[in-house]
Amino acid sequence: MVKKGEWVLIHRNVLEPAERVPHVPDDTKKVPLELWTKGYLQEDANIGDEVTVLTRTKRLEKGTLLEVNPCYKHDFGNFVPELLKISEQVKEILFGGADNE
Amino acid sequence: MSKDMSYAAVMARRPEIMKNSAGLDFSKFESGSIAFDYERMMKEAGFTIEEIQKIQSEHGVGNTPIIELRNLTALARKIAPEGKGARIFIKDEAANASGSFKARRASTAVYQAKKLGYKGVVTATSGNYGAAVASQAAMYGLKCIVVQECYDSRGVGQPEIIEKARKCEALGAEVVQLSVGPELFYTFLTILEETGYFNASLYTPFAVAGVETLGYEIAMQFREKFGKDPDVVMATNAGGGNLTGTARGLKKAGAQSQIVAASVDLSGLHMASDTQFNRKSFTTGHTGFGMPFSTWPDRSDVPRSAARPLRYIDRYLIVHQGEVFYMTEALASLEGLEKGPAGNTSLTAAFALAQELDQDQTIVVQETEYTGAGKHIQPQLSFARANGIEVKFGDPKDEIPGKNIILPSHPSLIKANDADVIAMRKSLIRNALNNYKVTPTEADIEFLAAETNSSVEFVKETIASL
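Note that this is a predicted model, so its numbers are computed, not measured.

Here's the deal with the overall build of chain A
So, point 1. Along chain A, the regular secondary structure elements total two helices and four strands.
So, point 2. Taken from N to C terminus, the helices and strands of chain A fall in the order β-α-β-β-β-α.
So, point 3. In chain A, the proportion of contacts linking residues at least 24 apart, taken out of those at least 6 apart, comes to 51%.
So, point 4. In the structure as shown, chain A presents an accessible area of about 5,800 Å², 53% of it carried by carbon and sulfur atoms.

Remarks on the side chain of B:T462
So, point 1. Counting through the fold element by element, B:T462 comes out in helix α18 (residues 456-465).
So, point 2. Other than its neighbours up to four places away in sequence, B:T462 contacts B:K426 and B:I429.

Things to note about the sheet that holds strand β8 (residues 258-264) of chain B
Residues and elements named next belong to chain B.
So, point 1. Taken together, seven strands build an open sheet; the order of strands is β1-β2-β10-β7-β8-β9-β13 and the sheet is mixed. Edge positions in the sheet fall to β1 (66-68) and β13 (417-418), since each of these pairs with one other strand and no more.
So, point 2. Pairing of strand β9 (residues 315-319) with β13 involves two bridges; the strand directions are antiparallel. Bridge assignment links L317 to a residue of β13, and that residue is D418.
So, point 3. Where helix α12 (residues 287-295) meets the sheet, its contacts fall on β8 and β9, and the angle it forms with β9 comes to roughly 160 degrees.

Quick notes on the pairing of strand β4 (residues 143-151) of chain B
All names here are of chain B.
So, point 1. By the criterion of burial, β4 is predominantly enclosed, with eight of the nine residues buried.
So, point 2. Taken together, the five bridges between strand β3 (residues 120-124) and β4 define a ladder with parallel strand orientation. Directly across from A124, in β4, lies its bridge partner V147.
So, point 3. For the crossover from β3 across helix α7 (residues 128-140) to β4, the handedness is right-handed.
So, point 4. In the sheet, β4 pairs with strand β5 (residues 174-179) via six bridges, with the strands oriented parallel.

Definitions and cut-offs
- Residues numbered from 1 in each chain as written.
- Chains lettered and ligands numbered in written order.
- Predicted model: local features only at pLDDT ≥ 70, side-chain atom pairs only at ≥ 80, totals over all residues.
- Heavy atoms only, no water.
- Helix = DSSP H or I, 4+ residues; strand = E, 2+ residues; numbered from the N terminus.
- Contact = heavy atoms within 4.5 Å.
- Areas by Shrake-Rupley, 256 points an atom, 1.4 Å probe, with all protein chains shown as cover.
- Pairing = 2+ DSSP bridges.
- Axes fitted to C-alpha atoms, helices over the stretch in contact; angles between N-to-C directions.
- Buried < 20%, exposed > 50% of the residue type's maximum accessible area, 1.4 Å probe, protein only.
- Right-handed = clockwise from strand over helix to strand, strands pointing away.

Quick look at the structure:
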């Protein structure tokens, strides 16, 4: 149970596939236009319930409850060894290897 | 009585919603045909340089340093023909309050919103402009909503856009994220209508005028330091406001610098494609925006865009994704500046162009942008690999957008290719005729000559050849 007043992430479909505009590419036409936003939960609910939230600008938004206290998961990704090689290469070309020791 | 919120009904109310949220009646600049009075729009709705300088200096914007990139210049000279290798400079726009030049654009837009009595601002952007509007709105005590295109239908978000959402939220904004598609505009309109907030569009005269100080500062800073204007000012081009504002500022300072646009080649990828959305490693600064917006500026979220880059472009250079990633790493390793990557598009083109110019000539790359988790070459390349893009060393000319990213195996392989600016000018004229479906008047022909930085003869010849 998620309590009223908790900070949550919700999701809803804005347009179903049949409602997509004619000029979008075919792959986009096959999928809905989806929306995610965050706000304060307006009633006790469970994950997956249809809920209402109050956003930072005091708007009411409806959608499916996805997460409580949603966090950022983006990072610096996996190490990319090529970047190290570029760094070594430009230093080598400009300053020379052994001569610069 | 509740309003009809269906797609068709909201789009039908578009003119009314736009008018109420723009704080500007665009119709008074119209001629009723192709032409409109661009300069009068910029004069009446924009600000003087002095007004903008005051607004910006009070809000953490402007007066950013110009840094000479001595080591990158030396690297260019190592591989350039004898005597070639212009000095490369960069204007450190990441030093603005929100971490990019977009703070300039937001500063005037949000100032205008406050002046007109709006309670909040809404902007539709997946880029640095969102953070810029959020930052300025925070300073003015206005509410702020940023609408982003962020995820594909698998729910996978572009890391760079997710980072920008984080920054907007950190600055107190509400972020509404959408999956891929141009119908974002429908959601944007529903929010404008519901809130009655100001449309802090990137393309109003207020926003574009805010960038004029960037060009003006370059001229003033250069004259103070070197007693002359830069030979070339290089601007990354997407929607066109960056280049337009900078060029206008340079002209207001009386500078004669050549204006060169730069974009990353994303040809072949459809910007509204769900499956191709996460196969591109640049969310801005690319040809997918640069070409359509240059050749038809009035496709934006205002009736008449203040960003009209073909009026100012002398030359347009195209670079590859792999080359920009390489230069971003080189900028960190040789200059100690960790910035970008998208903003380094113009740096990459400058590195190639410097090798054509003499050593006593100068190029100013007119922006940097902040970097961080998601919005950095490492997560972008890592994300590309995770989405099936091959990342390898080789010759960047073999790069195919959406299929591979080719990091140059040697910096001498970094080349900037000229886009056909004359063909782009013809394309703009064709688009104008197709959109308005009128027989062009003399005023239209003069307007199109100004729009394309060409001549009445060129416009007439182009029309005759269509």
